[in-house]
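# Close look at the chain arrangement
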Amino acid sequence: MARLSAKDGYSAFISYSHAQDRLLSAALQSELERFAGSWRHPRRMRVFRDETNLAASPALWPSIVRSMAAADWFVLLASPAAAGSEWVRREVAWWVEHKGADRLLIAVTAGRLHWRGDDFDWSITDAVPGVLAGVFATEPNWVDLSQIPSSDERPQLGDTVANLAAPILGVEKDALVGEHVRHRRQLRRTVWAVGVTLTALLVAVAVASVIAVVRARAEHEQAQVSAARELAALADGMVSSDPRTALGLALAGNRIRPGPESELAVFRTLSTTRYVSTLAGHRARVNAVAFAGSVLATGADDQTLRLWDLTDPARPRPLGDPVDPGIGAVAALAFEPGTRRLAILGVHAELTGAETSRLVLWDTAEPYSQARTTPEWKGLGTSLAFLPGTGLLAVSNVDGVGTDGRIQLWEAGPDADARLLSDAAADGAGPIYSLAVSADGSTVATGNAHGDGTDSGGETGIWELADGPKLKRVATLDTGPALSVAINPAGTIIAAAGQDRAAAGSVTLWDAHSHSRLGRPTARSADQITAVAFAPDGSTLAAGSGQTALLWDVSDPAAPTAIGDPLAAHGETVEATAFSPDGRVLVTASRDAQVIVWDAGGRIRPPLAQAATDTSTGAAGPNPALRSLLVTTGTRSPIDYDAVTSVDGRTMATVDERQRVTLWHLGPDGARQKLTVLPPETPADGRVPILPQFDAAARYAITGTDIEGTGSRLYLWDVSAPREPRPAGAPLVGFTGPLTLSPDGRLLAAMRKGPEGYGVVVVLFDVTDMARPRSVATIDATREAKVLSLAFAPDGTTLAVADNAKTTLFDVSDPARPGRLGRPLAGLTGLVAFAPDGHTLAVAGDEQGGRAGLTLWDVTRRHDPRRIGDPFLASGAGGTTALAFSVDGRTLLTGGSDHTIRTWDLTSLTAVRTDPAGAVCRLTDAGLPPEVWARYIAGYDYQAGCHGKG
């Protein structure tokens, strides 16, 4: 390398706090000037530092300005003292104003430096003066010298100097360090004997080679980690709008750097979205979708029809080439129930007022050449549906702008050409944009709307099959404009989408028999609802709204409940939606020419494995489900008594209707043997028992009574001899439940009773010596709400606190200084329980109407918990009274006030956690096309996604 000589003036100007960094700045000046210098030319550059280069002068500031003007680079020794120095602030401000930030280097000697987004995070950063706010476009590189004591008379800077010297000299750091090492070796050769020097040189070269290999490997690994983290962050921000790309990015990060961190990113991305796959077989707007078993038909404005095999929804397979029926744009599709016979409605609409329509009937099990086509008729066909069991087909039409719609009835049997039987006008109702038929074929609902459906004109018509046969309108529903209608499989509920006394983006449910409105319109979006569909079991309703699909739980039609977040992946408006007959998937079709397949059942949601009824605690012996629940946690029952067992399942404590606490021995066959009743055996009036708790070894038990008003007590018992329990210490007065013990039995969390009569402040007690419990900290972040449940994580370092507004996680690794972890968990709250592995937190709460919901959270990163899938109903009416994971973590148990214990199978969730990348490829078509890979991932060879797809 050519030797670099110092220029006139200064190569660098050092700005620092005299009080903080006088010794360090002197060492840095010396090291910079001599770094990589040879024994013949030891001084490589000139560096300005005021104590060595500035003579005493009455005009000190002009002298400093002249020195900065003569310098090429500015080195700021950053520290809180420097940030508060007026001289440092003036020097930095002058440099930024006159020379910019491109040649400003930062070396942190003390304090904090934190970058967020496009500037320093000034709520954390205290090491640089505020004049640097907004100066840097991107995060500047900086050198950490904070580990070097400021009081060290001869600080050892080492190769850290190279991080500053390299940009000042305009030389790559590795090259500069190499030259520095080379000059030092030359100096050794002049001192040591030739033989010794050569030997030392060989050793040095070998060590340097090993170091270089290790360093290169470490740098490569760190680059992989950084790339995987960046891709995980991109996936996290993109999953709600472009889930396929998000899954591909997370998967790519895992392939670049496999490991727990990238696997967690894949798991979280998959558990956040219902996306399965994309069908990209059309070139224009897709208007219609229809299912026959696992076969999906799609029709579009490109005048083609396509059939797809969705046996494996993650790998949809086209069945043959696109079919052009020759009837114009495909406007609607319908399979005859129980068959593969498909009705295809096509329209020609080149000129307003000159629209024509035609029908095609095709048994898709046969070649298309055997399809039968009807003559065309004047008007714009909008929708069609078979009347099951009748061989009849209903078709809706619009004759023109401002005219009433018509509903036709066609004979559409398999053995003859379709024949028009009747053509009825919807007098005064306006154009018909959609229709739906009940499962028994007796009722047809039509959605009518004037104009584009956004004004006040319109209704939902109810038609019945009459003699003729013909369709006769028998009622109207005052829904306002209805662009889409659906009838549930039971034929009891009609869903009408449009503008029913609400915004355009609303759906109203109606009683199909009484024709009365069920509850209030459901509105989740300002965008117009363009399509609605019921799931095969009738419990879920899907609606296309703008570029998304919305889901509701309509098992209680009077109070529909929104399910999860909107399903977003389309680039334009959703035109049609349909559930598969088995209810596994939902498909949405859009103006963006794509059809997207979604998971409808909740692939992460645990399925119900068992429901054991009549499970009052009096049946604890013979009931396996209740026994399992008692072994893992306490349960509450509105009759008989409350109960909880020790961890080993051998001892049970019950609180009966007379508020007495009784200890029982539980045999392996579930038989109970009464041991003793804890004093007082005859409690006073107004005392409410607190559910007892055992420590991990079942040597101690904590009981309590909550007395009306503000009085309450917790009692500590030594139950190592359960037939002869004895007090372990004085009662804790003024404390109440809920309460919980840490897994190691050393920490008790209980509630301090407030003036409202319930616990609002969590108090942590050190109960290592149960006879002398010691209060170590309070957690008052919940003082505005009533605490309902407490739970320690299995490692004892985290406490979950559920109140009647939220669930919050607290770090209790240092019990004397508990701290909140991340943001409170939004949504349902009530009972909480950690899984045995500590990665999952279950939160059960009650919704309006008494239905109990359950949410699972991934708490692998306790400071950043994420919801797993969507909340789901966990109990019947009356709510959830008990919640626990099984000891092996394979099942989740919920107890309801309906005396039913429900067992939820966590096998699928565990499988996804164990192999998230495999689950993504098994459950979706995730992948990145080469051009998308190139856009987001630089420096790594392209890898195809799942199933070899991009």
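Residues numbered from 1 in each chain as written. Predicted model: local features only at pLDDT ≥ 70, side-chain atom pairs only at ≥ 80, totals over all residues. Heavy atoms only, no water.

The protein carries the name TIR domain-containing protein in an unreviewed UniProt entry, which gives Paractinoplanes toevensis as its organism.

Looking at where Thr-374 falls in the secondary structure, it is placed in the loop between strand S16 (372-373) and strand S17 (377-378). Since its relative accessible area comes to 4%, Thr-374 is described here as buried. (Helix = DSSP H or I, 4+ residues; strand = E, 2+ residues; numbered from the N terminus. Buried < 20%, exposed > 50% of the residue type's maximum accessible area, 1.4 Å probe, protein only.)

Here the focus is the packing of aromatic side chains. All chains considered together, the criterion is met by 13 aromatic pairs. Taken together, a centroid distance of 4.8 Å and an interplanar angle of 10° make the contact between Phe-13 and Phe-48 stacked. Within this pair, whereas Phe-13 is found in strand S1 (residues 10-15), its partner Phe-48 is found in strand S2 (residues 47-48), the two being separated by 35 residues in sequence. Considered together, Phe-13 and Phe-48 belong to a single accessibility category, that of buried residues. Seen in terms of ring centroids, Phe-13 and Phe-74 are 5.6 Å apart; in terms of plane orientation they differ by 20°. Their pairing is stacked. With Phe-13 in strand S1 and Phe-74 in strand S3 (residues 71-78), this residue pair connects regions lying 61 residues apart in the sequence. Residues Phe-13 and Phe-74 agree in their burial class; the two are buried. Pairwise contacts between aromatic rings join Tyr-10, Phe-13, Phe-48, Phe-74 and Trp-95 into one cluster. (Phe/Tyr/Trp six-rings, centres within 6.5 Å; stacked < 30°, edge-to-face > 60°.)

This part covers the side chain of Ser-712. The topology assignment puts Ser-712 in strand S45 (residues 712-718). You can call Ser-712 buried: its relative accessible area is 3%. A distance of 3.0 Å separates a polar atom in the side chain of Ser-712 from the backbone oxygen of Phe-735. (Polar contact = N/O pair within 3.5 Å; in protein donor to acceptor, adjacent residues only side chain to side chain.)

Taken together, the side chains of Val-203, Val-207 and Ile-211 define a hydrophobic patch exposed on the protein surface, amounting to about 240 Å² of accessible area. Checked against the element boundaries, Val-207 lands in helix H8 (residues 194-238). (Patch = residues over 30% accessible without salt bridge, like charges linked within 9 Å, V, L, I, M, F, W, Y side chains within 5 Å. Areas by Shrake-Rupley, 256 points an atom, 1.4 Å probe, with all protein chains shown as cover. Salt bridge = Lys/Arg side-chain N within 4 Å of Asp/Glu carboxyl O.)

Once that is clear, we can look at the packing of helix H9 (residues 243-256) against helix H10 (residues 260-272). Helices that pack against each other are described as a pair by the angle of their axes relative to one another and the distance between those axes. Packing of H9 against H10 leaves a shortest axis separation of 8 Å and a crossing angle of 165°. By the angle between their axes, H9 is roughly antiparallel relative to H10. The handedness of the crossing between H9 and H10 is left-handed. Contacts between H9 and H10 pair Ala-246, Leu-247, Ala-250, Leu-251, Gly-253 and Asn-254 from the former with Ser-262, Glu-263, Ala-265, Val-266, Thr-269 and Leu-270 from the latter. In terms of residue class, the contact of H9 with H10 is built from seven nonpolar, four polar and one charged. (Axes fitted to C-alpha atoms, helices over the stretch in contact; angles between N-to-C directions. Parallel < 35°, antiparallel > 145°, perpendicular 65-115°, else oblique. Left-handed = near helix turned anticlockwise from the far one by under 90°. Contact = heavy atoms within 4.5 Å. Nonpolar A, V, L, I, M, F, W, Y, C, P; charged D, E, K, R; others polar.)

Attention now goes to H10. Helical geometry note: an α-helix holds 3.6 residues per turn, so side chains three or four residues apart project in the same direction. Between its first and last C-alpha atoms H10 spans 18 Å; for 13 residues at 1.5 Å apiece the expected length is 18 Å, and the two agree. Of the positions making up H10, those classed as buried are Ser-262, Leu-264, Ala-265, Val-266, Phe-267, Arg-268, Thr-269, Leu-270 and Ser-271. (Expected span 1.5 Å × (residues − 1).)

Along the chain, the position of Trp-308 falls in strand S11 (residues 305-309). Sequence spacing of Trp-308 and Ala-297 is 11 residues, and the spatial spacing of their C-alpha atoms is 6.4 Å. With sequence-adjacent residues up to four places away left out, Trp-308 is seen in contact with Leu-279, Ala-280, Gly-281, Ser-294, Val-295, Leu-296, Thr-298, Arg-317, Pro-318 and Leu-319. A distance of 3.1 Å separates a polar atom in the side chain of Trp-308 from a polar atom in the side chain of Thr-298.

Quick look at the sheet that holds strand S9 (residues 286-292) now. What holds strands together in a sheet is hydrogen bonding between their backbones, with the strands either parallel or antiparallel. The strand order across the open sheet built from four strands is S9-S10-S11-S12, with neighbouring strands paired in antiparallel fashion. Where the open sheet ends on each side, the last strands, each with one partner, are S9 and strand S12 (317-318). Bridge analysis of S9 against strand S10 (residues 295-300) gives six bridges, and the strand direction is antiparallel. Paired with Phe-291 across the two strands is Leu-296, which belongs to S10. (Pairing = 2+ DSSP bridges.)

What follows concerns the pairing of strand S52 (residues 787-792). Taking burial as the measure, the six residues of S52 include five buried ones, the bulk of the element. As paired strands, S52 and strand S53 (residues 798-803) are joined by five bridges and run antiparallel to one another. Note on S53: the bridge partner recorded for Leu-790 is Val-801. Hairpin connection of S52 to S53: five residues between the antiparallel strands, including Gly-796 at a positive phi of 75°.

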